[in-house]
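These are the residues of each chain, in order.
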Amino acid sequence: MTSHTPPSGPRPPKTRLFSRSSWPEARHLADVLRTETVGGALLLSGAVLALIWANSPWSDSYTRLSHAVPWPGAPWHLDLDVATWAADGLLAIFFFVVGLELKREFVAGELRDPRRAALPVAAALGGMLLPALIYVAVVLSAGGDGLRGWAIPTATDIAFALAVLAVVSSHLPQGLRAFLLTLAVVDDLFAITIIAIFYTADFQPLALLAALVPIALFAVLVQRGRTWWWALIPLAVAAWTLMHASGVHATVAGVLLGFTVPVLARRPRGGDQPATTADAGADEGGLAARLEHRWRPVSAGLAVPIFALFAAGVTVRGTDLGALLRDPIVIAIIAGLVFGKSVGIFGSTYLLARFTRAELDEDITWTDLLGIALLAGVGFTVSLLIGDLAFGAGSTADDRVKVAVLLGSVISAGLAATVLSRRNAAYRRVAQRERMDADGDGVPDVYQHPDAR
């Protein structure tokens, strides 16, 4: 009997999870994280101010301002109070930036490569499914009252999370930072889908079809490189107004408008070749990058903090805190954010690595991933928005949602800070390597020579 020996030759390299991306991608990531970190500090300030104001002797003025209607009797159901304008109007800017970032990720970022996209998509799915299941299980065990809020603990707030990293002075490796941002982007995509499908009230199909007209005109202009503010802004307002009238949450209009913006830079006519997704830095001169650079500071520095100011103000004076913390909705949200998010993200990533036989990048440990998974339990902006949609702004259940989201986010942030701060010395060494530029060409050596140490 003859024996068969396997063919000799080099084995294909194993897949590395959380490996460092390209230099253009790293530079874009640094710009985004810088803006979102500042925005996170402002968001926290808005939330703290809201809590202090709502529980101060001047709490009545906070309530009056929140429920004030700037334009009574306005058509198209636009006689909204200030708090609703903050949630439905200003957050449309936030979701427009989300749409731009999603488009960029699919065209020129991490999500364009199915192999690299598998990790954040699997982690985001695990980090949304398990919190929802935990919420449903807890609420059903208590009688089932409040099931409509099942999606509240499924969202991650990237600005809040980055503010936590800034506080603990964590120098996460570039691969982990890219994973955190991409995870949050995919998370936002799923959250938008959930809002559009499950939290649409009094659906008006004609208004929705009408909303597609200004969105299409907006798309025609941006695809042709026409950035006339006097045309684009009225079209965006019209799309928002009609989307609001359709019963679909108006912020979905912001996402759809963001999706229409081209990512790749336009080539001049007569040029060699059109831009392709393979061009590493092709998106840097694209319209999406320019609009994101212009509107992300508005979103992070104005829209989200003002939303936090009017969304986080819950009065706890005179409240039986023991009874509040025993409330099934509160328990379900906290358990979903703290345990569901961390176990869902960590577990799905571990299973992906196990079944694909992938290995962690040599600078990353499973402890680092645990810290990131805990950090993803910080669910503020979108969680509060879903709570408003599920139970109605100002309702008793909505107040319980606010307390639970705040507590769950703070607990997740504290646990993440504890885990990540223990590895800060290692992170600093990695950060020093990622900044080293021995030849002075403006590109760190590790992005030109991956084996540089």
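Our subject is the structure that appears above.
Let me sum up the structure you'll find in this document.

The rules behind the values
Residues numbered from 1 in each chain as written. Predicted model: local features only at pLDDT ≥ 70, side-chain atom pairs only at ≥ 80, totals over all residues. Heavy atoms only, no water. Core = buried A, V, L, I, M, F, W, Y, C linked by side-chain atoms within 4.5 Å. Buried < 20%, exposed > 50% of the residue type's maximum accessible area, 1.4 Å probe, protein only. Contact = heavy atoms within 4.5 Å. Axes fitted to C-alpha atoms, helices over the stretch in contact; angles between N-to-C directions. Helix = DSSP H or I, 4+ residues; strand = E, 2+ residues; numbered from the N terminus. Parallel < 35°, antiparallel > 145°, perpendicular 65-115°, else oblique. Left-handed = near helix turned anticlockwise from the far one by under 90°. Patch = residues over 30% accessible without salt bridge, like charges linked within 9 Å, V, L, I, M, F, W, Y side chains within 5 Å. Areas by Shrake-Rupley, 256 points an atom, 1.4 Å probe, with all protein chains shown as cover. Salt bridge = Lys/Arg side-chain N within 4 Å of Asp/Glu carboxyl O. Nonpolar A, V, L, I, M, F, W, Y, C, P; charged D, E, K, R; others polar.

**Remarks on the nonpolar core**
Part 1: Within the largest apolar cluster, 99 residues are counted, with the highest numbers of intra-cluster contacts made by Phe18, Phe95, Phe179, Ile333, Leu375, Phe380 and Val382.
Part 2: Contacts of Phe18, omitting those with residues within four sequence positions, involve Leu119, Gly175, Leu176, Phe179, Thr349, Leu360, Asp361, Ile364 and Leu369.
Part 3: In terms of nonpolar packing, the next biggest core, distinct from the first, is built from 25 residues, Ala211, Ala253, Val261 and Leu287 among them.

**Some details on the packing of helix 12 (residues 328-356) against helix 13 (residues 366-375)**
Part 1: Two elements in contact, helix 12 and helix 13, have axes whose closest approach is 8 Å; the angle formed by their N-to-C orientations is 140°. The orientation of helix 12 relative to helix 13 falls into the category oblique. The crossing of helix 12 and helix 13 is right-handed. Residues Val338, Lys341, Ser342, Ile345, Phe346, Thr349, Tyr350 and Ala353 of helix 12 touch helix 13, and the partners they reach there are Trp366, Leu369, Leu370, Ala373 and Leu374.

**Focus: unusual backbone geometry**
As a rule of thumb, non-glycine residues mostly have phi less than zero, and peptide bonds are mostly trans rather than cis.
Part 1: One non-glycine residue with positive phi stands out, namely Arg357, at about 55°.
Part 2: Tracing the chain through its elements places Arg357 in the loop between helix 12 and strand 2 (359-360).
Part 3: Classification of Arg357 by relative accessible area gives exposed; the value is 68%.

**Some words on a nonpolar patch on the surface**
Part 1: On the surface, Trp228, Trp229, Trp230, Ile233 and Val237 cluster together into a nonpolar patch covering about 600 Å² of accessible area.
Part 2: Relative to the assigned elements, Trp228 resides in the loop between helix 7 (205-223) and helix 8 (229-246).

**Here's the deal with the packing of helix 3 (residues 82-108) against helix 6 (residues 174-198)**
Part 1: In contact at an axis separation of 10 Å, helix 3 and helix 6 are set at 120° when each is read in the N-to-C sense. In the crossing of helix 3 with helix 6, the sense of the turn from one axis to the other is left-handed. On helix 6, the residues touching Phe95, Val98, Glu101, Leu102, Glu105 and Phe106 of helix 3 are Leu181, Thr182, Val185, Asp188, Leu189 and Ile192.
Part 2: Split into classes, the residues belonging to the contact of helix 3 with helix 6 amount to eight nonpolar, one polar and three charged.

**Thoughts on the pattern of salt bridges**
Part 1: A complete count under the given rule lists eight salt bridges for this structure.
Part 2: Its salt-bridge partner being Arg296, residue Glu36 comes within 2.4 Å of it at the nearest N-O pair. Taken together, the residues span a long stretch of sequence, with Glu36 in helix 1 (residues 23-54) and Arg296 in helix 10 (residues 287-311) at a distance of 260 residues. Comparing Glu36 with Arg296, the two get one shared label, buried.

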